[in-house]
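# Structural features, examined
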Amino acid sequence: MLYQVTWLGVRIGTPNAAGTVGAWVRDAGLKGRFLACWQSEFGVLNQVLVLQGYEDAAALAEDRERIAQSDERYGIGDGLQSIATASCRPMDLFGPLQPGEVGPIFEVRSYVLRAGALPEMMERWGRVLPGRMAYSKPLIVMHTMDGTGPRLIHIWPYASIEERERIRSEAAKAGVWPVKGAPGSLLSQQSEIFVPGPVSPIR
């Protein structure tokens, strides 16, 4: 299973952007499975994030080309200001994502890695992640297959901001998180909080 993550920059004041985008992705007849459409609450604002799942790279590439050539991309017209996409492969620990209520707070963390650091980073995560999952489970951990450099993207669902703070504090006190030695492999980090739009399958 492969995934495509799309970040849409939306013009301020665009009405019901996440609802419109989600409905467009759901009804556009794309090959990818529509998994999530969320809007940003903290971090970079006025963003909509779309997550789609694919059986193979050919289907993903076909959808990407079709969307790029569409004259009604995502259904919000001039409200669409920017698009960034990443094709991703998940860690082996994770099966295919399924729709369901697991949030409604989703933290999306993105780490840009030094060149060649991905194999070591994935090995470290593979050793440490089971201990961290005793406190809460990530929705998915995956690495990019394209773009300007290797990135690790991990998405964590929480019931509330307060739950996020409590769990992260408990895991840190127990010494199971964050991944030790990881900072030397990182060039930059970004964390954003999203909430589900009205038609998001994962919410």
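Residues numbered from 1 in each chain as written. Predicted model: local features only at pLDDT ≥ 70, side-chain atom pairs only at ≥ 80, totals over all residues. Heavy atoms only, no water.

## Digging into the overall build of the protein
Under the convention used in this document: Helix and strand definitions follow DSSP, with helices as H or I runs of at least four residues and strands as E runs of at least two, each counted in order from the N terminus. Here the globule rule reads 2.2 Å times residues to the power 0.38, and the radius of gyration is calculated from C-alpha atoms. Partly exposed residues are those whose accessible area sits between 20% and 50% of the maximum for their type, while under 20% is buried and over 50% is exposed, using a 1.4 Å probe and protein chains only.
Helix and strand content of the protein: 4 helices and 8 strands. The order of helices and strands in the protein, counted from the N terminus, is β-α-β-β-α-β-β-α-β-β-α-β. Here the C-alpha radius of gyration of the protein, 17 Å, is about what a compact globule of 203 residues would show, namely 17 Å. For the protein, with 203 residues in total, the buried portion stands at 47%.

## Quick word on the pairing of strand β4 (residues 80-90)
Applied cut-off: The pairing criterion is simple: DSSP has to find at least two bridges between the two strands.
Bridge count for strand β1 (residues 2-10) against β4 is 8 bridges, and the pairing is antiparallel. Considered in β4, the bridge of Thr-6 is made with Thr-85. Examined bridge by bridge, β4 and strand β6 (residues 140-144) share 3 bridges and lie antiparallel to one another. Along β6, the bridge assignment pairs Arg-89 with His-143.

## Digging into the pairing of strand β8 (residues 186-196)
As paired elements, strand β2 (residues 33-42) and β8 share 4 bridges and run antiparallel to each other. The residue bridging Phe-42 from the neighbouring strand is Ile-193, located in β8. Where strand β5 (residues 105-113) and β8 come together, 8 bridges link them in antiparallel fashion. Residue Leu-113 lies in a different strand from β8, and its bridge partner there is Leu-186.

## With respect to the nonpolar core
The nonpolar side chains of soluble globular proteins are, as a tendency, buried together. Note the cut-off: Nonpolar cores are built from buried Ala, Val, Leu, Ile, Met, Phe, Trp, Tyr and Cys residues. Side-chain atoms within 4.5 Å join them into one set. In this analysis, two residues are considered to be in contact whenever any of their non-hydrogen atoms come within 4.5 Å of each other.
Membership of the largest hydrophobic core comes to 42 residues, with the highest contact counts inside it found for Trp-38, Leu-51, Trp-125, Met-142 and Ile-155. Those residues in contact with Ile-155 that lie beyond four places of it in its chain are Trp-38, Phe-106, Glu-107, Val-108, Pro-138, Leu-139, Ile-140 and Met-142. Of all hydrophobic cores here, the second largest spans 17 residues; its members include Val-10, Ala-28, Ile-67 and Tyr-74.

## Section: helix α4 (residues 161-173)
Under the convention used in this document: What a helix should span is 1.5 Å times the count of its residues minus one. To be clear, the arc concerns the directions from the helix axis to the C-beta atoms.
An ideal rise of 1.5 Å per residue puts 18 Å on 13 residues; α4 measures up with 19 Å between its terminal C-alpha atoms. When α4 is considered as a whole, its buried residues turn out to be Arg-164, Ile-167 and Ala-171. Seen from one end, α4 has its buried residues packed into an arc of 75 degrees, which puts them on one side. Away from its buried face, by an angle of more than 90 degrees, α4 presents the exposed residues Glu-162 and Lys-173. Contact partners of the buried residues in α4: β5, α3 (118-132), β7 (151-158) and β8.

## With respect to the sheet that holds β7
To be explicit about the condition: In this description, a line fitted to the C-alpha atoms serves as the axis of each element, helices being fitted only across the stretch in contact, and the angle between N-to-C directions of two axes falls anywhere from 0 to 180 degrees.
Read around the closed barrel, the 8 strands follow the order β1-β3-β2-β8-β5-β7-β6-β4; overall the barrel is antiparallel. Mean inter-strand twist for the sheet, computed between neighbouring axes without regard to direction, equals 35 degrees. With 8 bridges joining them, β5 and β7 adopt antiparallel strand pairing. Residue Phe-106 lies in a different strand from β7, and its bridge partner there is Pro-157. Seen against the sheet, helix α2 (residues 57-69) touches β1, β3 (47-54) and β4 and runs at an angle of roughly 20 degrees to β1. Packing of α4 onto the sheet brings it into contact with β2, β5, β7 and β8, and relative to β5 it is tilted by some 50 degrees.

## Thoughts on α2
Within an α-helix, residues lying three or four positions from one another point in the same direction, as the helix has 3.6 residues per turn. As a reminder, the rule being used: Each polar contact in these results corresponds to two N or O atoms within 3.5 Å; when the atoms are within protein, one needs to be able to donate a hydrogen and the other to accept it, and residues that are neighboring in sequence are counted only if both atoms are side-chain atoms.
Look at α2: 19 Å from first C-alpha to last across 13 residues, which is about the 18 Å you get at 1.5 Å a residue. Within the span of α2, buried status applies to Ala-59, Leu-60, Asp-63 and Ile-67. Across the axial projection of α2, the buried residues extend over an arc of 100 degrees, all falling on one side. Pointing more than 90 degrees away from the buried face of α2 are the exposed residues Ala-58 and Gln-69. The elements touched by buried residues of α2 are β1, α1 (17-27), β3 and β4. The distance from a side-chain oxygen at the start of α2 to the backbone nitrogen of Ala-58 is 3.2 Å, and the residue carrying that oxygen is Asp-56.

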